[in-house]
Amino acid sequence: MKKKVKIKDEYNIRIKKRILREIKDSEKKFVTTYKEIKKYFKIFNKSLFKNKLNPFNDIKIKRIIKGSGQCVEYLSYRKGTTFFVLEMMPKYKNKLEFLNTLAHEMVHLWQQTVMQDTGNHNKLFWSFRTKFKKLNLRLSY
Ligand SMILES: [Zn+2]
């Protein structure tokens, strides 16, 4: 009998377990740090985006009025350049909400930089739903 095991799947199973372990304490508030954002950016980039994402040009931890995170595109008409800033809140209800939010904003970055898409909540965006589920994450608005 032949058996094929994809390396990528093994990595994702490991990441899924790690996420499950880290979100166990679901009642505990999560305090956002740049370190955690960078750590999970790397993990999600590998497991969800085949390492195709370039990092955000900048990361800001700040209060956000609408939503729980933002992928902000800055356009410089003078220089003809664009850059992307990730905005995350200082605190989240729990770690899962933090992870869901980060992964969500990364889909927007992928849409706008890899796919040259509008970055709206469109078909391309929702196509990540199953991939999120595999890691025990949830893609929502
Ligand atoms: Zn969104």
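Report follows, based on the coordinates. (Residues numbered from 1 in each chain as written. Predicted model: local features only at pLDDT ≥ 70, side-chain atom pairs only at ≥ 80, totals over all residues.)

Some remarks on helix α2 (residues 34-49)
Here is step 1: Buried within α2 are the following residues: F41, I43, F44, S47 and L48.
Here is step 2: Once α2 finishes, K50 follows within two positions and takes phi at roughly 50 degrees, a positive value. (Buried ≥ 20, exposed ≤ 12 C-beta atoms within 10 Å, placed from the backbone. Helix = DSSP H or I, 4+ residues; strand = E, 2+ residues; numbered from the N terminus.)

A word on the sheet that holds strand β3 (residues 69-76)
Here is step 1: Strands sit in the order β2-β4-β3 across an open sheet of three strands; the sheet is mixed. A strand with exactly one partner marks an edge of an open sheet, and here the two such strands are β2 (58-61) and β3. Going across the sheet, the axis of each strand differs from the next one's by a mean of 25 degrees, ignoring polarity.
Here is step 2: Bridging between β2 and strand β4 (residues 81-88) involves four bridges; their strand directions are parallel. In the strand pairing of β4, K60 is matched with E87.
Here is step 3: In this fold helix α3 (residues 95-114) packs onto β3 and β4, with an angle of close to 30 degrees to the strand it touches most, β3. (Pairing = 2+ DSSP bridges. Axes fitted to C-alpha atoms, helices over the stretch in contact; angles between N-to-C directions. Contact = placed C-beta atoms within 7 Å.)

Observations concerning α3
Here is step 1: With 20 residues, α3 ought to run about 28 Å at 1.5 Å a step, and its terminal C-alpha atoms sit 27 Å apart, in line with that.
Here is step 2: Across the 20 residues that make up α3, a large majority, 15, are buried.
Here is step 3: Following α3 by one or two positions, Q116 has its phi on the positive side, about 55 degrees. (Expected span 1.5 Å × (residues − 1).)

Brief notes about the nonpolar core
Here is step 1: Judged by nonpolar contacts, the single largest core of 22 residues is most densely connected at F44, L102, A103 and M106.
Here is step 2: Among the secondary structure elements, those contributing two or more residues to this core are α2, β4 and α3.
Here is step 3: Counting residues per element, this core draws most heavily on α3, at eight residues.
Here is step 4: In this structure, L102 is in contact with I37, Y40, F44, G69 and M88, ignoring residues within four places of it in sequence. (Core = buried A, V, L, I, M, F, W, Y, C linked by C-beta atoms within 7 Å.)

What to know about the pairing of β4
Here is step 1: Where β3 and β4 come together, eight bridges link them in antiparallel fashion. When the bridges of β4 are listed, V72 appears paired with V85.
Here is step 2: In this structure, the hairpin formed by β3 and β4 is closed by a connection of four residues, where G80 is found at a positive phi of approximately 70 degrees.

Notes on the packing of α2 against α3
Here is step 1: For the pair α2 and α3, the least separation of the axes is 10 Å and the interaxial angle reads 60 degrees. If you check the angle between α2 and α3, you find them oblique. The two elements α2 and α3 meet at a crossing, and its hand is right-handed. Taking contact as the criterion, the partners of I37, Y40, F44, L48 and F49 in α2 are, on α3, L99, L102, A103, M106 and W110. (Parallel < 35°, antiparallel > 145°, perpendicular 65-115°, else oblique. Left-handed = near helix turned anticlockwise from the far one by under 90°.)

Things to note about the environment of M106
Here is step 1: Along the chain, M106 falls in helix α3.
Here is step 2: A tally of 22 C-beta atoms within 10 Å means that M106 is categorised as buried.
Here is step 3: Along the chain, M106 and T32 lie 74 residues apart, while their C-alpha atoms are 16 Å from each other.
Here is step 4: Every residue in contact with M106, bar those within four places of it in the chain, is listed here: F44, F49 and L53.

Some points on unusual backbone geometry
Here is step 1: The backbone of K50 sits at a positive phi, close to 50 degrees, despite the residue not being glycine.
Here is step 2: Residue position: K50 is located in the loop between α2 and β2.

None of the figures reported here should be taken as evidence of function without further support.
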